[in-house]
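Structural overview for review
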Amino acid sequence: MLIHPPVAKPSEPPPGIPALLGSLDSDIPAIDANLQGLIYLIKHNPQDDGPQALRIWSQRNNNIMQLRNGSAFKSIDHYNRIISEIERVLASGHAAKVGLADYIDARANPISSTDLLAEAENPENNAFHDYYIDELLPEIERYAPAWIGLSINFISQALPAFALIGLVKSRWPHIKLIIGGGLITSWMALPSWNNPFGALVDMCIDGPGEERLAKNLGINPNNTNPPDYQQFPLQHYLSPMPVLPYATSRGCLWHRCRFCPETAENNSYTALPFAQIRDELNILTNYHNPGMIHFVDSALSPRLAADLSKNPPGTPWYGYFRFEQVLKDLDFCLELKKSGCIMVKLGLESGSQNVLDAMDKGICIEKAGIILNNLHKAGIATFVYLLFGTPVENDSDAMLTLKFVRKHHHAITFINSAIFLMPHHSPWKKTVECIPFSHGDLSLYTNFEHPLGWDRKKVRHFLDRIWKRDPAVAAILRRTPKVFTSNHAPFFVLN
Ligand code: SF4
């Protein structure tokens, strides 16, 4: 049995488990406990005191319905109000603060193996405990699996996943437990990794799990099968149309950016043949009739984009691109638009050429401006990611980023601006003095003495006082959806 534990954005099915189910080609039951658990909490959490809390609580089913029928997306203010109200209901009644993309418990640190083991020991402390007891454990009992695999990709899943592990282990000690997914892969790549979960979990899997799971089950994986979404209720996610996440590749085709875990963890890049992608998309869209395809690759290759232009999947789609040379051609962007591309996510990171070069981003800032304009002219929305406070940036560089956004604000539809965290594996780590970032043996990041004096405090001050107050930036930030961010942005574009 495969389980996707809470909490992760419940806007679409997780891509990992359907990919496993497809390649294992076997009747393995799968449950999206994230979607089920969040809906359970929204329905069952007690109401806070006060008339406003009563109004919000009584609106909770209607708010969910509005996200599903699309009426939540009629304006960004209306949408933000609905998201805040749902989050307020989710956060009520528990010591832990549950959100639609967050799980924060002041009593337990999700990057401390001691705290995770304690969560398994005391699962009643977890906000999802009642959901597990009332709904998930009876389902597990019904299937009576010999083993359970948990796909843990985000830090927000760690504490709820370990609470579930504790419950399963105490009720059915004979069931073998396997953990895998993006977060487990990153933990296992830590130089200090020395499996602290050995007494509780039977196997930790890093990277794609097909081969090892298949071996465990005594079957041959079939990597030519499409992902299998049949056990995921596409209509029930918190999106106005069924969204199909689909990966054409693993790893990153560029694989060089110095701040990126893809580079730091040295993950290899593999891509499916175009003919297989076409066939799989054809099968999946015919079967599921999605309203949107979400390409979940780290970056779509230019050759694949050209192939999608010639062979449109017949459904609107969006995904990550690099600032590739092909996008400098307006005709190419127009073809992309015709193929159904409605939004492109782009990691620009900085408006300073010096910073881009030091990051090894492979981006020419002048070219990036032309590309944004081309995409805008073609009618393709852009979701631009920016990163402040890298060891190679100073305050003047940050001002260059601001200048770039001011100049191209008409062609930037949405923005995500983040503060840099140094991965333990980063090649930059050797060049700076590191300061522990958090007290947890599973922390993936370290704090550091900024070599140019551009530390987190100064970066935060810049973001709060200059960046967010700039009229051009503020207008883009205002229309960027909260919490679900790029997962819900395409629905505003469609509107
Ligand atoms: S292009 Fe994106 S995923 Fe690839 S190495 Fe750079 S930041 Fe990482």
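Residues numbered from 1 in each chain as written. Predicted model: local features only at pLDDT ≥ 70, side-chain atom pairs only at ≥ 80, totals over all residues. Heavy atoms only, no water.

What follows deals with the side chain of Ser426. Within the secondary structure layout, Ser426 lies in the loop between β16 (422-423) and β17 (433-435). Within the structure, the side chain of Ser426 is placed 3.2 Å from the backbone oxygen of Arg258, a separation counted as a polar contact. Apart from residues lying up to four places away in sequence, Ser426 is in contact with Arg258 and Ala264. (Helix = DSSP H or I, 4+ residues; strand = E, 2+ residues; numbered from the N terminus. Polar contact = N/O pair within 3.5 Å; in protein donor to acceptor, adjacent residues only side chain to side chain. Contact = heavy atoms within 4.5 Å.)

Right, let's talk about the site of the ligand for a bit. In the vicinity of the ligand, the residues found are Cys252, Trp254, His255, Arg256, Cys257, Phe259, Cys260, Glu262, Thr263, Ser298, Arg322 and Lys361. Across the shell around the ligand, the residue classes tally to five nonpolar, three polar and four charged. (Near = heavy atom within 4 Å. Nonpolar A, V, L, I, M, F, W, Y, C, P; charged D, E, K, R; others polar.)

Under the definition given, this model contains 13 salt bridges. Between Arg478 and Asp77 there is a salt bridge, with the nearest N and O atoms lying 3.2 Å from each other. Of the two residues, Arg478 sits in helix α19 (residues 471-479) while Asp77 sits in helix α5 (residues 76-91), which places them 401 residues apart along the sequence. Take Arg478: its relative accessible area is 52%, and that puts it in the exposed class. Overlapping salt bridges, with partners in common, bring together Arg55, Arg81 and Glu85 in one network. (Salt bridge = Lys/Arg side-chain N within 4 Å of Asp/Glu carboxyl O. Buried < 20%, exposed > 50% of the residue type's maximum accessible area, 1.4 Å probe, protein only.)

Spatial strand order, β16-β18-β17: three strands in an open sheet with antiparallel pairing. Each edge of the open sheet is held by one strand with a lone partner, namely β16 and β17. The pairing of β16 with strand β18 (residues 445-449) spans two bridges and is antiparallel. Looking at the pairing, Met422 lines up with Thr446 of β18. (Pairing = 2+ DSSP bridges.)

A separate point is the pairing of strand β8 (residues 243-246). Burial along β8 is two-sided: Val243 and Pro245 facing one way and Leu244 and Tyr246 facing the other are all buried. Bridging between β8 and strand β11 (residues 292-295) involves four bridges; their strand directions are parallel. What sits directly across from Leu244, in β11, is Ile293.

Taken as a whole, this structure holds 22 aromatic pairs when the rule is applied. An aromatic cluster is built from Tyr40, Tyr103, Phe128, Tyr131 and Tyr132, whose rings are joined through pairwise contacts. Here Arg60 stacks its cationic end above the ring of Trp57, 3.8 Å away from the centre of that ring. (Phe/Tyr/Trp six-rings, centres within 6.5 Å; stacked < 30°, edge-to-face > 60°. Lys NZ or Arg CZ within 6 Å of the ring centre and 35° of its normal.)

Here we come to helix α14 (residues 330-338). For α14, the complete set of buried residues consists of Phe332, Cys333 and Leu336. Angularly, the buried residues of α14 cover 100° about the axis, an arc narrow enough to put them on a single face. Exposed side chains of α14 directed beyond 90 degrees from the buried face belong to Asp331 and Lys338. Buried residues along α14 sit against α13 (302-310), β12 (317-321), β13 (341-349) and α16 (365-378). Here α14 starts with a cap whose side-chain oxygen sits 3.0 Å from the backbone nitrogen of Asp331, and that cap is Asp329. (Arc of directions from axis to C-beta.)

As for its placement among the helices and strands, Asn63 is situated in helix α4 (residues 60-69). A relative accessible area of 1% places Asn63 in the buried class. Here the alpha-carbon distance between Asn63 and Glu85, two residues 22 residues apart in the chain, equals 7.9 Å. Beyond its immediate stretch of four places on either side in the chain, Asn63 contacts Ile82, Glu85 and Ile86.

What the domain assignment reports for the chain is domain 1 (2-45 + 94-217) and domain 2 (241-494). Between the C-alpha centres of domain 1 and domain 2 the distance comes to 28 Å. The interface is formed by 26 residues belonging to domain 1 together with 21 residues belonging to domain 2. Across the domain 1/domain 2 interface, buried area totals approximately 1900 Å², and carbon plus sulfur atoms make up 62% of it. If you sort the residues of domain 1 by the area they bury against domain 2, Lys9, Glu12 and Ile111 come out on top, with a joint share of 29%. (Domains from an automatic or database assignment. Buried area = accessible area lost by both parts, 1.4 Å probe.)

Ile140, Ile179, Trp187 and Trp467 are the most contacted members of the largest nonpolar core, which totals 143 residues. Per-domain counts for this core show at least three residues from each of domain 1 (2-45 + 94-217) and domain 2 (241-494). What Ile140 contacts, discounting residues up to four positions off in sequence, is Met1, Ile3, Pro145, Ile148, Val168, Trp172 and Ile175. Among the nonpolar cores identified, the runner-up in size contains eleven residues, and Cys257, Phe259, Cys260 and Phe420 belong to it. (Core = buried A, V, L, I, M, F, W, Y, C linked by side-chain atoms within 4.5 Å.)

Summarising the element assignment, Phe128 is placed in the loop between α6 (113-121) and α7 (129-143). For Phe128, a relative accessible area of 0% puts it in the buried group. Here the alpha-carbon distance between Phe128 and Lys74, two residues 54 residues apart in the chain, equals 32 Å. The contact partners of Phe128, leaving out residues within four places of it in the chain, are Pro6, Val7, Gly37, Leu38, Leu41, Val98, Tyr103 and Pro160.

A few words now on the pairing of β11. Side chains on a regular strand alternate between the two faces of the sheet. Covered by surrounding structure in β11 are Met292 and His294 together with Ile293 and Phe295, the residues of both alternating faces. Two elements, β11 and β12, share three bridges in a ladder whose sense is parallel. Residue Phe295 lies in a different strand from β12, and its bridge partner there is Gly319. Where the polypeptide runs from β11 across α13 and back to β12, its parallel neighbour, the crossover connection is right-handed. (Right-handed = clockwise from strand over helix to strand, strands pointing away.)

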